[in-house]
Amino acid sequence: QVQLVESGGGLVQPGGSLRLSCAASGSFFSFNVVGWYRQAPGKQREQVATITSGGGTNYADSVKGRFTISRDNAKNTMYLQMNSLKPEDTAVYYCRVWCADFGCNPAYSGWGQGTQVTVSS
């Protein structure tokens, strides 16, 4: 089971930016898919962005052009750069690691504890 520690959440005004980080333990980070999810009050958790071991990315329509996911395999860390933030981006953001690529480790999977992002003036 991987341990994931998130940081970077907080309060930001509409139009502002935040960068979330998620540091992972263990040795199989580079082989697995990583991603960010979010859950707003009263709503289901939704996928925001993912990045494969090969660097392929996918984004929810609601964040395309504003958010950028990246990973640094040497540091076992993933990032979510969030620009042009809107009040509707307010949610708890979770990072996740899982096995979905060839050669990945299915036992190396898990969720972060979540970090609050609040967009408000």
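You'll find the structure just up there.
Residues numbered from 1 in each chain as written. Predicted model: local features only at pLDDT ≥ 70, side-chain atom pairs only at ≥ 80, totals over all residues. Heavy atoms only, no water.

**Quick word on the environment of Glu 88**
Alright, step 1. Of note, Glu 88 is situated in the loop between strand E8 (77–82) and strand E9 (91–98).
Alright, step 2. Its relative accessible area of 56% is what places Glu 88 among the exposed residues.
Alright, step 3. Along the sequence, Glu 88 and Gln 39 sit 49 residues apart, while their C-alpha atoms lie 11 Å from each other. (Helix = DSSP H or I, 4+ residues; strand = E, 2+ residues; numbered from the N terminus. Buried < 20%, exposed > 50% of the residue type's maximum accessible area, 1.4 Å probe, protein only.)

**Some remarks on the nonpolar core**
Alright, step 1. Grouped together as the largest cluster of nonpolar side chains are 30 residues, with contacts concentrated most on Trp 36, Val 48, Phe 67, Met 78, Leu 80, Met 82 and Tyr 93.
Alright, step 2. Elements supplying a minimum of two residues to this core: strand E3 (18–24), strand E4 (33–39), strand E5 (46–51), strand E7 (67–72), E8, E9 and strand E11 (115–119).
Alright, step 3. Setting aside residues up to four positions removed in sequence, Val 48 forms contacts with Trp 36, Tyr 37, Arg 38, Asn 58, Tyr 59, Ala 60, Val 63, Phe 67, Leu 80 and Tyr 93. (Core = buried A, V, L, I, M, F, W, Y, C linked by side-chain atoms within 4.5 Å. Contact = heavy atoms within 4.5 Å.)

**Structural notes on the packing of aromatic side chains**
Alright, step 1. Within the structure shown, the criterion is met by three aromatic pairs.
Alright, step 2. Members of the aromatic cluster, each reached through a chain of ring pairs, are Tyr 37, Trp 98 and Trp 111.
Alright, step 3. If you follow Arg 96 out to its NZ or CZ, it ends over the ring of Trp 98, 4.3 Å from the centre. (Phe/Tyr/Trp six-rings, centres within 6.5 Å; stacked < 30°, edge-to-face > 60°. Lys NZ or Arg CZ within 6 Å of the ring centre and 35° of its normal.)

**Some words on the sheet that holds E7**
Alright, step 1. Spatially, E1-E3-E8-E7 is the arrangement adopted by the four strands of the open sheet, whose pairing is antiparallel. Strand pairing shows two members of the sheet lacking a second neighbour, strand E1 (4–7) and E7, which therefore form its edges. Sheet twist, expressed as the average angle between the axes of neighbouring strands with direction ignored, equals 15 degrees.
Alright, step 2. The pairing of E1 with E3 spans four bridges and is classified as antiparallel. (Pairing = 2+ DSSP bridges. Axes fitted to C-alpha atoms, helices over the stretch in contact; angles between N-to-C directions.)

**Remarks on the side chain of Arg 38**
Alright, step 1. With respect to the helices and strands, Arg 38 occurs in strand E4.
Alright, step 2. Polar side-chain contacts of Arg 38 include one of 3.3 Å to the side chain of Ser 62.
Alright, step 3. Residues in contact with Arg 38, not counting those within four places in the same chain, are Gln 44, Arg 45, Glu 46, Val 48, Ser 62, Val 63, Phe 67, Glu 88, Asp 89, Ala 91, Val 92 and Tyr 93. (Polar contact = N/O pair within 3.5 Å; in protein donor to acceptor, adjacent residues only side chain to side chain.)

**Observations regarding the state of the cysteines**
Alright, step 1. Inspection of the entire model under this criterion finds two disulfides.
Alright, step 2. Shown here is the disulfide that connects Cys 22 with Cys 95, its sulfur atoms set 2.1 Å apart. Residues Cys 22 and Cys 95 are joined through a disulfide that is right-handed, its torsion about the S-S bond being 55 degrees. One end of the pair, Cys 22, is in strand E3; the other, Cys 95, is in strand E9, and 73 residues separate them in sequence. Considered together, Cys 22 and Cys 95 belong to a single accessibility category, that of buried residues.
Alright, step 3. Between Cys 99 and Cys 104 runs a disulfide, and the two sulfur atoms are separated by 1.7 Å. Torsion about the S-S bond of the Cys 99 and Cys 104 cystine: about 65 degrees, corresponding to right-handed handedness. (Disulfide = S-S within 2.5 Å.)

Everything listed is a geometric property; what it means functionally is a separate question.
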